[in-house]
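Observations on the three-dimensional arrangement
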Amino acid sequence: MNLYFRLFYILLFKVKKLSYRIGLLDEGSISFRALPSDCDINFHLNNSRYLAMMDLARTWLMAEMGLLHLFIKDKWMPIMNACSITYIREIKPFQKFDIKTKMIGWDEKYYYIEQRFESENTLHAVAYVRGVFIHKGQRIENDELLKVAKFEGPVPELPEPVIHWKMLLDAKKKHHS
């Protein structure tokens, strides 16, 4: 439930005060504090909270890019297709941390985002997210997304770990078909 409060706080208070815009390939950052209700019996941030907070951080990234209001107005829905996360160091109760979020590229169908959990020069987790935007049940082509974002630069080359991850996702899909 407290994630709804965080979402409403972001949408109602933080977005309105946002006085800057970042580019499509720039890194966004949002800060959180691990509340006791975010933690599990091991007294560290629960695995499911990482994913839920990543959703909030991607919403914030769209706001930082100046695209959130357009997506809401046009009823574009971001859909996560796949996610891979590696936990490195725990986040303890009441610890403050940042989620650094960055669009790292796209292919013919999906966009790819990297998200890192960091605090005081410590990397706690790193995740890759693959997704699409949909409108009325139809996938929005990445060319349309780039047009709305006013991006005219070259397509960035996906990092090697993401290329390997894509191959793993394709292999899993074929294996279970």
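Details of the structure are given in the entry above.
Once a new chain begins, its residue numbering starts again from 1 and follows that chain's sequence as written. In view of the model being predicted, local features appear only for residues whose pLDDT reaches at least 70, and side-chain atom pairs are presented and counted only at 80 or more, with totals across whole chains, interfaces and linings using the full set of residues. Values reported for side chains reflect all heavy atoms of the structure, with hydrogen atoms and water molecules removed beforehand.

**Points about the overall build of the protein**
Helix and strand assignments follow DSSP, with helices taken as H or I runs no shorter than four residues and strands as E runs no shorter than two, numbered in order from the N terminus. Looking only at helices and strands, the protein has five helices and six strands in total. Radius of gyration: C-alpha atoms only; globule rule: 2.2 Å multiplied by the number of residues to the exponent 0.38. The C-alpha atoms of the protein give a radius of gyration of 17 Å, which matches the 16 Å a tight globule of 177 residues would have. Seen through its principal axes, the protein has C-alpha atoms that stretch 45 × 45 × 30 Å. Three exposure classes are used, based on accessible area relative to the maximum for each residue type with a 1.4 Å probe and protein chains only: buried under 20%, partly exposed in between, and exposed over 50%. The buried share of the protein, taken over its 177 residues, is 41%. Any pair of residues with heavy atoms lying within 4.5 Å of one another is described as a contacting pair. Partitioning the intrachain contacts of the protein with sequence separation of at least 6 by distance along the chain shows that 73% fall at a separation of at least 24. Split by element, the accessible area of the protein, about 10,800 Å² in all, is 56% carbon and sulfur. Within the protein, the 21 negative side-chain charges are centred at a point lying 6 Å from the centre of the 26 positive side-chain charges. Here the accessible surface of atoms and residues is derived via Shrake-Rupley with a 1.4 Å probe, and residues count as covered only by protein chains that are part of the display. Only four residue types enter the tally: Lys and Arg on the positive side, Asp and Glu on the negative side, with His and both chain ends excluded. Charge coordinates come from a single atom per side chain, which is NZ of Lys, CZ of Arg, CG of Asp or CD of Glu.

**What to know about the pairing of strand 5 (residues 122–135)**
As judged from the 10 bridges shared by strand 2 (residues 77–87) and strand 5, these two strands associate in the antiparallel manner. Its bridge partner lying in strand 5, Ile85 is registered against Ala127. For two strands to be treated as a pair, DSSP must find no fewer than two bridges joining them. Relative to strand 5, strand 4 (residues 111–119) runs antiparallel, the two sharing nine bridges. Note that in strand 5 the partner of Ile113 across the bridge is Val129. In this sheet, strand 6 (residues 138–139) lies alongside strand 5 in antiparallel orientation, the contact comprising two bridges. In the sheet register, His135 faces strand 6, and the bridge partner there is Gln138. Taking the residues between adjacent antiparallel strands as the criterion, strand 5 and strand 6 are bridged by two residues, where Lys136 takes a positive phi near 50°.

**A look at helix 5 (residues 160–175)**
Taking 1.5 Å of rise per residue, the 16 residues of helix 5 would be expected to cover 22 Å, and the 23 Å separating its terminal C-alpha atoms lies within 8% of that figure. Those residues of helix 5 that sit buried are Val162, Trp165 and Leu169. End-on, the buried residues of helix 5 take up no more than an arc of 55°, which puts them together on one face. Projecting away from the buried face of helix 5 at angles above 90 degrees are the exposed residues Glu160, Met167, Lys174 and His175. Those residues of helix 5 hidden inside the fold are in contact with strand 2, strand 3 (96–106), strand 4 and strand 5. The span expected for a helix works out to 1.5 Å for each residue beyond the first. Taking the helix axis as origin, the arc is that swept by the directions to the C-beta atoms.

**Section: the environment of Ile91**
Relative to the elements of secondary structure, Ile91 occurs in the loop between strand 2 and strand 3. Relative accessible area serves as the criterion here: at 0%, Ile91 is assigned to the buried category. Between the alpha carbons of Ile91 and Glu118 there is a distance of 9.3 Å; along the sequence they are 27 residues apart. Excluding anything up to four places from it in sequence, Ile91 contacts Ala34, His44, Leu45, Tyr50, Phe97, Phe117 and His124.

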